Amino acid sequence: MARPQSPSGSAADTSAQSPPPNRLQSARAAVQRFGGYLSGMVMPNIGAFIAWGLITALFIPDGWFPNETLAQLVDPMIGTLLPLLIGYTGGRLVYEQRGAVVGAVATIGVVVGSDVPMFLGAMIIGPLAAYLTKLLDKVARPRIHAGFEMLYNNFSAGILGGAMAVVGLFGIGPVVQTITEVLGSGVQALIDLQLLPLVSFIVEPAKVLFLNNAINHGVFAPLGAARVSETGQAIEFLIETNPGPGLGVLLACMLFGPKVSRSTAPGAIVIHFLGGIHEIYFPYILAQPKLIVAAIAGGITGVTTFMLLGAGTVSTPSPGSIIALMAVTPRGGHLSVLAGVAAATIVSFIVASLLLGFGRPERNKEKAQRSNAEAQQ
Amino acid sequence: MSSINGSDIKKVVVACDAGMGSSVLLTSQMSKSLSPHGVAVEHASVDRIPDDADLVLCHSGLVSRARSAQPGTVVIGFQMFLGDPAFARVEQAVREGETIAD
């Protein structure tokens, strides 16, 4: 165990203490934590998303191997299985297994009778139902007579879950369906006005602040799922997951960055582009914040290309590896997805290289250091 | 501000936002160098760091979340995912039994 330092607090102790986090930092941590909560409901279930994405890509009428029987799997999986998994996981985050069960039961209420995949609804009602169970237990458990614990546990979960399913069906479901549709038509309006690329101004900086999962799984996944159930593919899935902007920055760092970056960037490129762990490029931008301009430029280029070519994927590519992107791209859409990734990479690389002065400042600095060292010898 | 002696470290937890991406990558790297010293390395979400963690490693952008999740546990932040001096610091503390503080 870590032992907390003695509270006697010598001068050395206090001077070594980190300064209290300022308001911006604590706001950032709060947003991160909320986002972490959203992505924490989705990310453990990515395997199911991939199963659904592959089945969709393979067996729908314009898939690789159209098959009517197997295509029956598609709708129940996205409409019922995935929201239930999200509601279950959301409940578990709040109140362990007991919360998970109540969360899943409550989620079926928003799922039934909804025309859109109820990801948002599940993200709300799953944790809410679990939280209510937690509250109820806190009040009721101390009053339960010995020997009646199991009876209480089972029936309280059953009654509360059932009641929440009814609330979900009549109350939360219709509201969330409206919200999902409004947000979806907002994205559609951005596409119609050709303004969708502007979201890169928000997405790329937010990614680097470790809000990548929150944005992708908390915002774009529910919107994309709603669009997929209508049109078979969604551009929303590509906005955050496009590995192009990060790849361009890493390539520029590999060629023109400071010495440390030059030696680590090749490994980072493999992990980023093939492994899909975008976090690996964030530090390169955090160390030189001006590089965010390159990521934004790349992001805008990527989204524009996707939009003009009508690119989309059937499911969220997670992790954001080029392999995952290709796996969830519908038949015939691969070139347009690749074009968006390539365009984003090229633009991000060029802008980042310009910002790094094609390595000239670094070379001069190293030269100066060398001549300094020689002068001292 | 917490500190721990390297010889008391039995479990290092690498934390990231979801506990599924970059932390897993670093876990496999760290366990290569730490497991010969009998130190277990695990990965977790920064909001759900297990209670028996002796030392937490996470990106400096996530340190405040890690601290609030496990106050009193040593949290070492790093800047880069590859080749950050923080990893060498933890390895050295474990190997030499030196005290490490956050």
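The structure presented is a predicted model; accordingly, all values stated were derived computationally and were not measured.

Engineer: Pulling in residues and values, what's your account of the overall build of chain B?
Structural biologist: Within chain B, the regular secondary structure consists of three helices and six strands. Traced from its N-terminal end to its C-terminal end, chain B shows the element sequence β-β-α-β-β-α-β-α-β. With respect to the three principal axes, the spread of C-alpha positions in chain B is 30 × 25 × 20 Å. Taking all 102 residues of chain B together, 54% fall into the buried category. Taking the contacts inside chain B whose residues are at least 6 apart along the sequence as the reference set, 59% of them involve residues at least 24 apart.

Engineer: Summarise the pairing of strand β4 (residues 55-59) of chain B; cite the residues concerned and give the values.
Structural biologist: Residue and element names in this part refer to chain B. In terms of residue burial, β4 counts as a mostly covered element, since five of its five residues are buried. With four bridges connecting them, strand β2 (residues 11-16) and β4 associate as parallel partners. Note on β4: the bridge partner recorded for Val 14 is Leu 57. In the sheet, β4 pairs with strand β5 (residues 74-78) via five bridges, with the strands oriented parallel. Residue pairing in the sheet places His 59 in a bridge with Phe 78 of β5. Taken together, β4, helix α2 (residues 63-69) and β5 form a β-α-β motif whose crossover is right-handed.

Engineer: Quick one: what's the story with the UniProt feature "domain: PTS EIIC type-2" (unreviewed entry) in chain A, residue by residue and with numbers?
Structural biologist: This chain's UniProt record puts "domain: PTS EIIC type-2" (unreviewed entry) on residues 34-362 of chain A. The distance separating the terminal C-alpha atoms of residues 34-362 of chain A is 39 Å; by composition the span is 77% helix and 0% strand.

Engineer: Please provide a residue-by-residue account of the packing of helix α2 (residues 23-42) of chain A against helix α8 (residues 200-231) of chain A, values included.
Structural biologist: Residues and elements named next belong to chain A. It is the contact of α2 with α8, at a shortest axis distance of 8 Å, that shows an interaxial angle of 45°. It follows from the interaxial angle that α2 and α8 lie oblique. Between α2 and α8 lies a crossing whose hand is left-handed. Every residue of α8 that contacts α2 at Arg 28, Val 31, Gln 32, Gly 35, Gly 36, Leu 38, Ser 39 and Val 42 is listed here: Leu 209, Phe 210, Leu 211, Asn 213, Ala 214, His 217, Gly 218 and Ala 221. Within the contact of α2 with α8, the residues separate by chemical class into eight nonpolar, seven polar and one charged.

Engineer: Kindly report on the domain arrangement of chain A, identifying the contributing residues and their values.
Structural biologist: In many reports, interface size means the accessible area that the parts give up when they come together. Residue and element names in this part refer to chain A. You can read the domains of chain A as domain 1 (69-193) and domain 2 (196-369). In this structure, domain 1 and domain 2 have C-alpha centres spaced 33 Å apart. At the interface, 11 residues of domain 1 touch 10 residues of domain 2. Contributions of two or more residues to the side of domain 1 that touches domain 2 are made by α6 (119-140) and α7 (149-192). Among the residues forming the side of domain 1 that touches domain 2, the class breakdown is nine nonpolar, two polar and no charged.

Engineer: Give a detailed account of the UniProt feature "domain: Phosphotransferase system EIIB component type 2/3" (unreviewed entry) in chain B, specifying residues and quantitative values.
Structural biologist: Mapped onto the present numbering, the UniProt feature "domain: Phosphotransferase system EIIB component type 2/3" (unreviewed entry) falls on residues 11-85 of chain B. Along residues 11-85 of chain B, the helical share is 28% and the strand share 29%, with 20 Å between the first and last C-alpha atoms.

Engineer: Which residues make up the interface of chain A and chain B, and what values go with them?
Structural biologist: Each partner contributes to the interface: chain A provides 29 residues, whereas chain B provides 26 residues. Listing elements by their share of the side of chain A that touches chain B, those giving two or more residues are α1 (11-16), α2, α8, α11 (259-274) and α12 (282-287) of chain A. Element by element, the count of residues in the side of chain A that touches chain B is highest for α2(A), at seven residues. Grouping the constituent residues of the side of chain A that touches chain B by class yields 16 nonpolar, 10 polar and three charged.

Engineer: Just give me the short version of the sheet that holds strand β3 (residues 40-45) of chain B, but keep the residues and values in it.
Structural biologist: Residues and elements named next belong to chain B. Reading across the sheet, the four strands line up as β3-β2-β4-β5 and stay open at both edges, with parallel pairing between neighbours. What marks the edges here is a single partner per strand, and that holds for β3 and β5. Shown here is a sheet whose adjacent strand axes are inclined to one another by a mean of 25°, direction ignored. On top of the sheet, helix α3 (residues 85-96) reaches β2, β4 and β5; it is set at about 145° to β5, its chief contact.

Engineer: Could you give me a rundown of the nonpolar core, with the residues and numbers involved?
Structural biologist: The biggest cluster of nonpolar side chains holds 145 residues, and the ones touching the most others in it are A:Val249, B:Val12, B:Ala15, B:Val56 and B:Cys58. There are two domains that each give this core at least three residues, and those are domain 1 (69-193) and domain 2 (196-369) of chain A.

Engineer: How would you sum up the UniProt feature "transmembrane region" (unreviewed entry) in chain A? Please name residues and give values.
Structural biologist: All names here are of chain A. Using the residue numbers shown here, the UniProt feature "transmembrane region" (unreviewed entry) corresponds to residues 46-65, 77-95, 101-130, 151-176, 291-315 and 335-358. Counting secondary structure, residues 46-65 comes out at 70% helix and 0% strand; the distance between its end C-alpha atoms is 23 Å. For residues 101-130, helix accounts for 77% and strand for 0%, while the C-alpha atoms at its two ends are 8 Å apart.

Engineer: Provide a residue-level description of helix α3 (residues 46-59) of chain A, including the pertinent values.
Structural biologist: All names here are of chain A. Given a rise of 1.5 Å per residue, 14 residues ought to cover 20 Å, and the 20 Å separating the end C-alpha atoms of α3 matches this to within 8%. For α3, the full list of buried residues reads Ile 46, Phe 49, Trp 52, Gly 53, Ile 55, Thr 56 and Ala 57. Packing partners of the buried residues in α3 comprise α4 (68-71) and α5 (74-111).

Engineer: Which residues make up the pairing of β2(B), and what values do they have?
Structural biologist: Consecutive residues of a regular strand have side chains that alternate between opposite faces of the sheet. Residues and elements named next belong to chain B. For β2, a buried count of five out of six residues is recorded, marking the element as mostly surrounded by other parts of the structure. Alignment of β2 against β3, held across six bridges, turns out to be parallel. Residue pairing in the sheet places Ala 15 in a bridge with Ala 44 of β3. As a crossover connection, the stretch from β2 through helix α1 (residues 22-34) into β3 is right-handed.

Engineer: Can you explain the confidence of the model for chain A? Please cite residues and give values.
Structural biologist: Across chain A, pLDDT averages 88, with 94% of residues at or above 70. Here residues 1-18 of chain A scores under 50 on pLDDT; set against residues more than four positions off or in separate chains, the count is 17 contacts.

Reading the values: rules and limits
- Counting restarts for each chain, with residues numbered from 1 along the sequence as it is written.
- Think of it this way: whatever chain is written first is A, whatever ligand is written first is 1, and the rest follow in order.
- Only residues with pLDDT of at least 70 are given local features in this predicted model, and only at 80 or more are side-chain atom pairs given and counted; all residues enter the totals for whole chains, interfaces and linings.
- By the criteria applied, helices consist of DSSP H or I runs no shorter than four residues and strands consist of E runs no shorter than two, each listed in order from the N terminus.
- Residues with at least 20 other C-beta atoms within 10 Å of their own are called buried, those with 12 or fewer are called exposed, and the rest are partly exposed. The C-beta atoms themselves are positioned from the backbone.
- With C-beta atoms placed from the backbone, a contact is any residue pair whose C-beta atoms sit within 7 Å.
- For two strands to count as paired, DSSP must find a minimum of two bridges between them.
- For crossovers, right-handed means that the path from the first strand over the helix to the second runs clockwise, given strands pointing away from the viewer.
- UniProt positions are given in the numbering used here, feature names are shortened, and annotations may be inferred rather than shown by experiment.
- Helix axes are fitted only over the stretch in contact, all axes being lines through C-alpha atoms; the angle between N-to-C directions runs from 0 to 180 degrees.
- Angle categories are assigned with fixed cut-offs, so that under 35 degrees is roughly parallel, over 145 is roughly antiparallel, 65 to 115 is roughly perpendicular, and the rest are oblique.
- Helix crossings fall into two classes, left-handed where the near helix is turned counterclockwise from the far one by less than a right angle and right-handed where it is turned clockwise.
- Each residue receives one of three labels: charged for Asp, Glu, Lys and Arg, nonpolar for Ala, Val, Leu, Ile, Met, Phe, Trp, Tyr, Cys and Pro, and polar for the others, Gly being one of them.
- By convention here, the domain bounds are inherited from an automatic or database domain assignment.
- A set of buried residues qualifies as a nonpolar core if it consists of Ala, Val, Leu, Ile, Met, Phe, Trp, Tyr and Cys joined through C-beta atoms within 7 Å.
- Take the residue count of a helix, subtract one, and multiply by 1.5 Å to get its expected span.
- Confidence per residue, as judged by the predictor, is encoded in pLDDT with a range of 0 to 100.

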